[in-house]
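Working through the structure, step by step
Residue-level listing of the chains:
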Amino acid sequence: MYGQYSVASGDPDRQGNSVGSNLTTGSTAGTEERAFQSFGGLSLGYALAPTFANIRTMHFGGTISPWQDLEGGHSYLNDVTLTMAFYKYRIDSTGPTSDPFIPFATETISDEIGEEWNFNAKWKILSDFKSDFRVGYFKPGSAYGSRRAREIYGRYKFTVDL
């Protein structure tokens, strides 16, 4: 089990979204730049996958290996790992976020970006064969209004090491 609370500041007078080419526009001329600019990344879920800028997140989850101690004919299940995670996203300030569908600046909005649930199943079948299945479900909050529908992310990866 684990829990994490993360905050990346925003800039209320930024001229564009907090990521991409709009970073060059920065704050309004003559004002202080207050947006958090990260070096590297922070995993914030599969479906929404926001950039760590102008956001507050609560993240809870846990990992289990349900068949780790099996013996005998079913020992091939020993290397199965299941992970569940929950994210709650909120806007940190009235400035833009990494998502262009959230209104900002002069508009009055809620700071509720939304919630996300993630599930991951990893299985090391043999020493050189691995399987990884991921699913994420994002439910938008009131910050979006009617601008965004739910999102579902899915990925399956099979790896052979040579």
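Residues numbered from 1 in each chain as written. Predicted model: local features only at pLDDT ≥ 70, side-chain atom pairs only at ≥ 80, totals over all residues. Heavy atoms only, no water.

Re the overall build of the chain
The helix and strand tally for the chain stands at zero helices and six strands. Start at the N end of the chain and walk to the C end: the helices and strands fall as β-β-β-β-β-β. The 162 residues of the chain split such that 35% are buried. If you take every contact in the chain between residues at least 6 apart in sequence, the share linking residues at least 24 apart comes to 63%. (Helix = DSSP H or I, 4+ residues; strand = E, 2+ residues; numbered from the N terminus. Buried < 20%, exposed > 50% of the residue type's maximum accessible area, 1.4 Å probe, protein only. Contact = heavy atoms within 4.5 Å.)

Regarding the sheet that holds strand E2 (residues 55-64)
In space, the six strands of this open sheet follow the order E1-E2-E3-E4-E5-E6, with antiparallel pairing throughout. Two strands close off the open sheet at either side, each with one partner strand: strand E1 (2-8) and strand E6 (151-160). In this sheet, adjacent strand axes meet at a mean angle of 15° when their direction is disregarded. Direction of pairing for strand E4 (residues 112-126) relative to strand E5 (residues 129-140): antiparallel, over a ladder of twelve bridges. Its bridge partner lying in E5, Lys-124 is registered against Lys-130. (Pairing = 2+ DSSP bridges. Axes fitted to C-alpha atoms, helices over the stretch in contact; angles between N-to-C directions.)

Concerning the environment of Asp-128
Among the structural elements, Asp-128 can be located in the loop between E4 and E5. For Asp-128, a relative accessible area of 36% corresponds to the partly exposed category. On a C-alpha basis, the gap between Asp-128 and Asp-161 in space is 4.9 Å, while along the polypeptide they are 33 residues apart. Apart from the residues lying within four places of it in its own chain, the contact partners of Asp-128 are Thr-159, Val-160 and Asp-161.

What to know about the packing of aromatic side chains
Tallied over the full model, the rule gives seven aromatic pairs. With centroids separated by 5.6 Å and ring planes inclined at 55°, the aromatic side chains of Phe-86 and Trp-117 adopt a geometry described as tilted. In this pair, Phe-86 sits in strand E3 (residues 80-91) while Trp-117 sits in strand E4, placing the two residues 31 residues apart along the sequence. A residue is classified by how much of its surface remains accessible, and Phe-86, at 23% relative accessible area, is partly exposed. Where Tyr-87 meets Tyr-89, the ring centres are 5.9 Å apart and the plane angle is 5°; that geometry is what we call stacked. With relative accessibility at 0%, the residue Tyr-89 sits in the buried group. Within the aromatic cluster, the residues linked to one another by ring pairs are Tyr-87, Tyr-89, Phe-138 and Tyr-144. (Phe/Tyr/Trp six-rings, centres within 6.5 Å; stacked < 30°, edge-to-face > 60°.)

A closer look at the side chain of Thr-57
Inspection of the secondary structure puts Thr-57 in strand E2. Setting aside its immediate chain neighbours within four residues, Thr-57 contacts Gln-4, Tyr-5, Ser-6, Leu-44, Lys-88 and Tyr-89.

What to know about the nonpolar core
Core analysis: the biggest nonpolar cluster contains 15 residues, and Leu-48, Ile-55, Tyr-89, Ile-102, Ile-113, Phe-138 and Tyr-144 have the highest contact counts within it. With four residues, the single largest contributor to this core is E3. What Phe-138 contacts, discounting residues up to four positions off in sequence, is Ala-47, Leu-48, Tyr-89, Ile-113, Gly-114, Glu-115, Glu-116, Tyr-144, Arg-148, Arg-150 and Glu-151. (Core = buried A, V, L, I, M, F, W, Y, C linked by side-chain atoms within 4.5 Å.)

A word on a nonpolar patch on the surface
Residues Leu-126, Phe-129, Phe-133, Tyr-156, Phe-158, Val-160 and Leu-162 make up a contiguous nonpolar surface patch of about 780 Å² in total accessible area. Per-element accounting of the nonpolar patch gives the leading share, three residues, to E6. The topology assignment puts Tyr-156 in strand E6. Since its relative accessible area comes to 52%, Tyr-156 is described here as exposed. (Patch = residues over 30% accessible without salt bridge, like charges linked within 9 Å, V, L, I, M, F, W, Y side chains within 5 Å. Areas by Shrake-Rupley, 256 points an atom, 1.4 Å probe, with all protein chains shown as cover. Salt bridge = Lys/Arg side-chain N within 4 Å of Asp/Glu carboxyl O.)

What about the side chain of Glu-112?
By the secondary structure assignment, Glu-112 is in strand E4. Residue Glu-112 is classed as buried on the basis of its relative accessible area, which comes to 18%. Beyond its immediate sequence surroundings of up to four residues, Glu-112 is in contact with Lys-88, Tyr-89, Arg-90, Gly-141, Ser-142 and Ala-143.

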